[in-house]
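Descriptive analysis of the structure
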Amino acid sequence: MKSTFDTACIIQTIINLLPQNQGIIALHEPGFRGNERLYIEECLQSTWVSSSGPCVNRFEQQLAEYTGIKYAAAVVNGTAALHLALHVTGITRGDEVLLPALTFIATANAVSYLGAVPHFADSEERTLGLDPAKLDRYLARIAAPGPGGCWNKKSGRPIKAVVAMHTFGHPVDMDPLLDVCRRYKLILIEDAAQSLGSFYKNRHTGSWGRAAVLSFNGNKIISTGGGGAILTQDEILFQRARHLSTQARIPHKWSFVHDAVAYNYRMPNINAALGCAQMEQLPGFIKSKRNLAHRYQEAFAEVDGAIVFKESQNACSNYWLNTLLLNEEHSHQRDIIMEGLHQQGILVRPTWTLLHKLPMYRECPHMDLSGAESLERRIINLPSSAYLGGA
Ligand SMILES: *Cc1c(COP(=O)(O)O)cnc(C)c1O
């Protein structure tokens, strides 16, 4: 028999599942129990700490090998990776770029850096990512085919690309999204910042679009302190991204010749040293996180009024962040639950404020966002560090 909805019961279910009397339990902590110290010491000994060195190349090879994506360019953070990925795929001033309203701010900011315009799309509950069927119906209404792409009939601007973000590590439903992109001639870019180790139909997230990005910030599944990467199967895009990340300097023994206005975005070797050690531990992290997700799901199987999000049929998720999803009728009690857990030192979080509500993005075009708005009211992210899954 199912119990009736009760905030105290929800709070207790979460407390029971987590280690007791260990002080604060963060939403997501990195773990450095591998070769981090060894590789950083080697890095210091060699004095190669900065913008070139052997660890960066090794880390990039590890990323390419693990994801099965041919080329990886490591950069200073995920936001810079997004900026470069959009730049090299040809996004420019005045273009509209479709992206979910339910994402971290960096996805939209990178679009803005290029003078392009974020155009917000809705998310579906099944994946927590872009809703391809709804996007399709929307584009059928507002988009007109044009030479080499499509146009927004209302704004008169070209709609150039879609950025799919794999929310909390869970893959977007890529097949129908790819179909929409094909029919409307949209460039697909994947914001896989949260989904290293997540697969859709046995292919790694980030391998479906023309380019993809990863983040290795302190709260992501692996961390290099700060860091990010651009992934692509396209050698030309990769070379261009690499070149623009290193001030567009033409390789030469001594001369400083640059052939474009570019960026200082290359990942420092000392950060990559952390990355090499973290990649060795990634399979273990994923095992622990999937185990933790399973325990949350079991614990809430008999609780009324809320579920713990489960990967969809085509997905194998890294479960970067576990998600408690309240039923709509209980969403007004979300903050009571969060307050109760914070009082116990359990640092749960709501999701991001939808981007179209923020002052700098209020004027941007958007479709009906009722799916994302519902999710925004109902999501509570649960502590999800790998160590909680018994690694
Ligand atoms: C973390 C994150 C980024 C940005 O990565 P940084 O390394 O913090 O710059 C971009 N998009 C999403 C969805 C993220 O979660």
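Structural notes, computed from the coordinates. Only a predicted model underlies this, so the values are computations on that prediction, with no experimental measurement involved.

Conventions we followed
Residues numbered from 1 in each chain as written. Predicted model: local features only at pLDDT ≥ 70, side-chain atom pairs only at ≥ 80, totals over all residues. Heavy atoms only, no water. Salt bridge = Lys/Arg side-chain N within 4 Å of Asp/Glu carboxyl O. Helix = DSSP H or I, 4+ residues; strand = E, 2+ residues; numbered from the N terminus. Buried < 20%, exposed > 50% of the residue type's maximum accessible area, 1.4 Å probe, protein only. Disulfide = S-S within 2.5 Å. Pairing = 2+ DSSP bridges. Polar contact = N/O pair within 3.5 Å; in protein donor to acceptor, adjacent residues only side chain to side chain. Axes fitted to C-alpha atoms, helices over the stretch in contact; angles between N-to-C directions. Contact = heavy atoms within 4.5 Å. Parallel < 35°, antiparallel > 145°, perpendicular 65-115°, else oblique. Left-handed = near helix turned anticlockwise from the far one by under 90°. Nonpolar A, V, L, I, M, F, W, Y, C, P; charged D, E, K, R; others polar. Core = buried A, V, L, I, M, F, W, Y, C linked by side-chain atoms within 4.5 Å. Phe/Tyr/Trp six-rings, centres within 6.5 Å; stacked < 30°, edge-to-face > 60°. Lys NZ or Arg CZ within 6 Å of the ring centre and 35° of its normal. Near = heavy atom within 4 Å. Areas by Shrake-Rupley, 256 points an atom, 1.4 Å probe, with all protein chains shown as cover.

1. A closer look at the pattern of salt bridges
- On inspection of all chains with the given rule, the structure shows 16 salt bridges.
- The residue Asp95 makes a salt bridge to Lys160 at a minimum N-O spacing of 2.8 Å. Placement of the pair is Asp95 in the loop between helix H4 (78–88) and strand E2 (96–100) and Lys160 in strand E6 (residues 158–165), with a sequence separation of 65 residues.
- Asp95 sits in the buried class, given a relative accessible area of 3%.

2. Section: the state of the cysteines
- Counting across every chain of the model gives 0 disulfides.
- We note that Cys150 lacks a disulfide partner, and the nearest cysteine sulfur, in Cys181, lies 9.9 Å from it.

3. Some points on the sheet that holds strand E13 (residues 315–316)
- In space, the 3 strands of this open sheet follow the order E9-E8-E13, with antiparallel pairing throughout. A single partner strand is all that each edge strand has here, and the edge strands are strand E9 (203–204) and E13.
- Where strand E8 (residues 199–200) lies against E9, 2 bridges are found, and the strand directions are antiparallel. Each bridged residue has a counterpart across the sheet, and for Tyr200 the counterpart in E9 is Arg203.

4. Regarding helix H1 (residues 7–17)
- The set of residues buried in H1 consists of Thr7, Ile10, Ile11, Thr13, Ile14, Ile15 and Leu17.
- With a side-chain oxygen positioned 3.0 Å from the backbone nitrogen of Ala8, the residue opening H1 is Asp6.

5. Considering the sheet that holds strand E12 (residues 306–308)
- Strand order in the open sheet formed by 3 strands is E12-E14-E15, with antiparallel pairing between adjacent strands. Either end of the sheet is taken by a strand with one partner, and the two such strands are E12 and strand E15 (379–382). Put simply, the sheet's adjacent strands are angled 25 degrees from each other on average, direction ignored.
- Bridge analysis of E12 against strand E14 (residues 322–326) gives 3 bridges, and the strand direction is antiparallel. Following the sheet pairing, Ala306 is matched in E14 by Leu326.

6. A look at the pairing of E14
- Most of E14 is tucked away: 5 of the 5 residues are buried.
- Burial along E14 is two-sided: the residues Asn322, Leu324 and Leu326 and Thr323 and Leu325 are all buried.
- Pairing between E14 and E15: 4 bridges, direction antiparallel. In the strand pairing of E15, Leu324 is matched with Ile380.

7. Thoughts on the environment of Glu190
- Mapping Glu190 onto the fold places it in strand E7 (residues 187–191).
- Sequence separation between Glu190 and Leu82 is 108 residues; the distance between their C-alpha atoms is 9.1 Å.
- Here Glu190 is in contact with Ala164, His166, Met174, Thr205, Gly206, Ser207, Trp208, Gly209, Ala211, Ala212 and Val213, once residues within four sequence places are set aside.
- Of note is the side chain of Glu190, whose polar atom sits 3.4 Å from the backbone nitrogen of Ser207.

8. A short note on the environment of Thr47
- You can see Thr47 is positioned in the loop between helix H2 (36–46) and helix H3 (54–67).
- Judged by its relative accessible area of 63%, Thr47 falls in the exposed class.
- The spacing of Thr47 and Asn269 is 222 residues in sequence and 9.8 Å in space, taken between C-alpha atoms.

9. Notes on the packing of H4 against helix H8 (residues 235–245)
- Remark: H4 packs on H8, axes separated minimally by 10 Å, with the N-to-C direction vectors making an angle of 130 degrees. One way to sum up the angle between H4 and H8 is to call them oblique. For the element pair H4 and H8, the recorded crossing hand is right-handed. Residues Leu84, His87 and Val88 of H4 lie in contact with H8, whose contacting residues are Leu237, Arg240, Ala241, Leu244 and Ser245.
- Tallied by class, the residues present in the contact of H4 with H8 amount to 5 nonpolar, 2 polar and 1 charged.

10. A few points about the nonpolar core
- Residues Phe59, Phe120, Leu139, Leu177, Leu186 and Phe216 are the most contacted members of the largest nonpolar core, which totals 101 residues.
- It is helix H9 (residues 269–300) that provides the largest number of residues to this core, a total of 8 residues.
- Beyond its immediate chain neighbours, meaning those up to four positions away, Leu139 contacts Leu98, Ile159, Val180, Tyr184 and Leu186.
- Among the nonpolar cores identified, the runner-up in size contains 24 residues, and Ile14, Tyr296, Phe300 and Val308 belong to it.

11. Quick look at the packing of aromatic side chains
- Per the stated rule, a full pass over the model turns up 7 aromatic pairs.
- Seen in terms of ring centroids, Tyr263 and Tyr265 are 4.9 Å apart; in terms of plane orientation they differ by 15 degrees. Their pairing is stacked.
- In this arrangement the basic side chain of Arg203 is found over the ring face of Trp208, its NZ or CZ atom lying 3.9 Å from the centre.
- Taking NZ or CZ as reference, Arg249 lies 4.1 Å from the ring centre of Phe256, over its face.

12. Quick look at the site of the ligand
- Around the ligand sit 16 residues, and of these Gly78, Thr79, Gln194, Ser215 and Lys220 come closest.
- Between the ligand and the protein, one listed contact pairs an oxygen atom with a backbone N or O atom of Gly78 at 2.7 Å.
- Lys220 is positioned such that a nitrogen or oxygen atom in its side chain is 3.2 Å from an oxygen atom of the ligand.
- Notes on the ligand: free accessible area 380 Å², of which the protein chains cover 93%.
- Secondary-structure elements contributing two or more residues to the shell around the ligand are H4 and helix H5 (105–113).
- Looking at which element gives the most residues to the shell around the ligand, the answer is H4, with 3 residues.

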